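Fold and contact review
Below are the chains, spelled out letter by letter.
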Amino acid sequence: MVAVLDVLVLAGSGIAAGVLFCVALSVVPAFLGMEPAQYVAAHRLIGKNYDPVMPLTVLGTVVADAVLAIVEVSVLFGLAAVLLLGVSAVSHLANVPINRSVKTLDTVPSTWDDPRPRWRNWNLLRTGLAIAALLVNAIAVVATG
């Protein structure tokens, strides 16, 4: 069981870190280079499939990390779980509300407060947390293996 959970935490934290890293590296700069109306249309298209998959991936990995923290008596797996909870918190409290507000726009008003810089900053925070969780999980797997 421990070996399966080891694989799951590495895969889950790797997927989360990889997806968020790719978004930060390519999607965010593309969004920032678009006119507001283009950005709103692109945002609707690009974000469609993240919602069901990413929360399940991140929170599933948190559960697996928590189990490993208990079974292996490992502070490192516990730390990885906390880092991934940080990813989830930033997503749900910052990025997702911005996503929802952008998706409600039919047209971009002239007084629009462009959320792209805020969204980018929050995304960079959760990306850093996800990368840290991946690194901590890798160290924990090696240390307990």
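Before any of the text, the structure's been laid out above.
Below is a summary of the structure that appears in this document. (Residues numbered from 1 in each chain as written. Predicted model: local features only at pLDDT ≥ 70, side-chain atom pairs only at ≥ 80, totals over all residues. Heavy atoms only, no water.)

Focus: the overall build of the protein chain
- Scanning the protein chain from terminus to terminus reveals 5 helices and 0 strands.
- On the principal axes, the C-alpha backbone points of the protein chain span a range of 55 × 20 × 20 Å.
- A separation of at least 24 residues holds for 82% of the contacts in the protein chain among residues at least 6 apart in sequence.
- As presented, the protein chain carries roughly 7,700 Å² of accessible surface, and 72% of it is formed by carbon and sulfur atoms.
- The positive charge centre, built from 8 side chains, and the negative charge centre, built from 8, are 9 Å apart in the protein chain. (Helix = DSSP H or I, 4+ residues; strand = E, 2+ residues; numbered from the N terminus. Contact = heavy atoms within 4.5 Å. Areas by Shrake-Rupley, 256 points an atom, 1.4 Å probe, with all protein chains shown as cover. Lys, Arg positive; Asp, Glu negative; His and termini not counted. Charge placed at Lys NZ, Arg CZ, Asp CG, Glu CD.)

A closer look at the pattern of salt bridges
- Overall, the coordinates contain 2 salt bridges when judged by the stated rule.
- As a salt-bridge pair, Asp51 and Lys103 come within 3.7 Å of each other at their nearest N and O atoms. Taken together, the residues Asp51 in helix α3 (residues 50–71) and Lys103 in helix α4 (residues 75–103) connect sequence positions 52 residues apart.
- Judged by relative accessible area, Asp51 falls into the partly exposed class, the value being 42%.
- The class of Lys103 is partly exposed, set by a relative accessible area of 30%.
- Residues Asp114 and Arg116 are paired through a salt bridge, measuring 2.6 Å at the closest nitrogen-oxygen approach.
- Residue Asp114 is classed as partly exposed on the basis of its relative accessible area of 28%. (Salt bridge = Lys/Arg side-chain N within 4 Å of Asp/Glu carboxyl O. Buried < 20%, exposed > 50% of the residue type's maximum accessible area, 1.4 Å probe, protein only.)

Comments concerning the nonpolar core
- Core analysis: the biggest nonpolar cluster contains 16 residues, and Val58, Leu83, Leu84, Val87, Leu129 and Ala130 have the highest contact counts within it.
- Secondary-structure elements contributing two or more residues to this core are α1 (2–32), α3, α4 and α5 (116–144).
- Sorting elements by how many residues they give to this core places α4 first, with 6 residues.
- Counting residues in hydrophobic clusters, the runner-up holds 12 residues, among them Val23, Val27, Trp112 and Trp119. (Core = buried A, V, L, I, M, F, W, Y, C linked by side-chain atoms within 4.5 Å.)

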